[in-house]
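These are the residues of each chain, in order.
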Amino acid sequence: MTAEIISFGEPLFEFNQVKEYSGEGPDYLSGFGGDASNFACCAARQGASVAILTHLGNDVFGNKFIDLWEKEGVQTHLIERNAIAPTGIYFISHDEQGHHFSFARKGSAASQITPEQLPADAIRAAKLFHVTAITQAISTSSCDSVFKGIEIAKEGGTLTSFDTNLRLKLWDLNRARGIIHETARLVDFIMPSVDEAEVLTGLSDPDKICDFYLNLGSKNVILKLGKEGAMYATASERKRVAGNPVEAIDATGAGDCFSGSFFTNVVAGKSLEDSLKYANAAAALTTQGYGAVAPIPTRDQVETFMKARDI
Ligand SMILES: O=C(O)C(=O)C[C@H](O)[C@H](O)COP(=O)(O)O
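Summarised in this report is the structure supplied together with it. Small disclaimer: the values here were computed from a predicted structure and weren't measured.

Some thoughts on the sheet that holds strand S7 (residues 88-95)
Across the sheet, 4 strands lie side by side as S3-S2-S7-S8; this open sheet has mixed pairing. Each edge of the open sheet carries a strand with a single partner, namely strand S3 (28-33) and strand S8 (98-104). Sheet twist, expressed as the average angle between the axes of neighbouring strands with direction ignored, equals 25°. Relative to S8, S7 is paired through 7 bridges, and the arrangement is antiparallel. When the sheet's bridge partners are listed, Tyr90 is paired in S8 with Phe103.

Let's talk about the site of the ligand
The ligand sits among 19 residues. The nearest are Asp35, Tyr90, Arg105, Arg167 and Gly253. Ala254 places a main-chain nitrogen or oxygen 3.5 Å from an oxygen atom of the ligand. In the environment of the ligand, an oxygen atom lies 3.1 Å from a nitrogen or oxygen atom belonging to the backbone of Asp256. Protein burial of the ligand: of its 400 Å² of free accessible surface, 94% is covered by the chains. Of all the secondary-structure elements, those providing two or more residues to the shell around the ligand are helix H1 (35-45), S8 and helix H9 (254-267).

What about the pairing of strand S12 (residues 220-224)?
Counting buried positions along S12 yields 5 of 5 residues, so the element is predominantly enclosed. Both faces of S12 are covered, namely the face carrying Asn220, Ile222 and Lys224 and the face carrying Val221 and Leu223. Where strand S11 (residues 189-191) lies against S12, 2 bridges are found, and the strand directions are parallel. Bridge assignment links Ile190 to a residue of S12, and that residue is Val221. In terms of strand pairing, S12 meets strand S13 (residues 230-233) through 4 bridges, oriented antiparallel. Counted as the bridge partner of Val221 is Ala233 from S13. Remark: 5 residues form the turn of the hairpin made by S12 and S13, two consecutive strands paired antiparallel; Gly226 in that turn has positive phi of roughly 65°.

Procedures and definitions
- Residues numbered from 1 in each chain as written.
- Predicted model: local features only at pLDDT ≥ 70, side-chain atom pairs only at ≥ 80, totals over all residues.
- Heavy atoms only, no water.
- Pairing = 2+ DSSP bridges.
- Helix = DSSP H or I, 4+ residues; strand = E, 2+ residues; numbered from the N terminus.
- Axes fitted to C-alpha atoms, helices over the stretch in contact; angles between N-to-C directions.
- Near = heavy atom within 4 Å.
- Polar contact = N/O pair within 3.5 Å; in protein donor to acceptor, adjacent residues only side chain to side chain.
- Areas by Shrake-Rupley, 256 points an atom, 1.4 Å probe, with all protein chains shown as cover.
- Buried < 20%, exposed > 50% of the residue type's maximum accessible area, 1.4 Å probe, protein only.

In structure tokens, the structure reads:
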């Protein structure tokens, strides 16, 4: 089995608060999260050939993820089960400021992966190896595995993409900044949001942020500008693409939906600009329901939305 895209990281079984705590329940809706899994599910719904690379606990949540990925068409041959360590879980709460995450993932199966366990042949055979800063934050061996995976990918001519997903509940800012900057030197694509980039670089002007990462060594910078849309920058060109205003119900997973749909299109040979327009539309649509995975649109839904808005 071969996959064109490999998404490396930790799935998290999700409990999403859907009403105020009353003590009388039900307050939470169960679902699926974790950036690497969200990315893979999104890519599969857009038609990509994609595998998830992770370790799961030998528990009910791990089983549920296998069922999910099989249903979604995400390849599962790169998964290992850990007999002792559990699958991670997280809780989402909502308030006027947006959505907030509480994690229960310390010592999880995925956090115990080591560089020696990486499937080097599969990484070399893929077209794109996707990693995120959350995978670097969850443990030092997982962080080492991200760097090793990037090295293997580069040797094999596999493109590398890096979502800077900044979670300061998982690591402190100095360590995050050092490791994310170091990763930026190595990758073909870096994908921060403007808010994360501001915290990481101290810069707020989108063009200056793009210059910063290009100067570090990233070949392509894909900068998410929230409601303003997104932009891309390479050494020779840059362009902004407008956002698609919608009334959001839950923005959880919108960033992962953006990256999964963007890279599906890039791997299929679409231009950066067209890939960005598509990703913006998919990300807007995924905010229309609760949870990180359930509301991810299919390719047909994205294309219908784009046609209706003349995108
Ligand atoms: O992956 C993790 O560790 C998480 O934090 C869980 C979340 O499912 C996603 O990361 C959602 O991320 P956004 O797309 O930025 O809303």
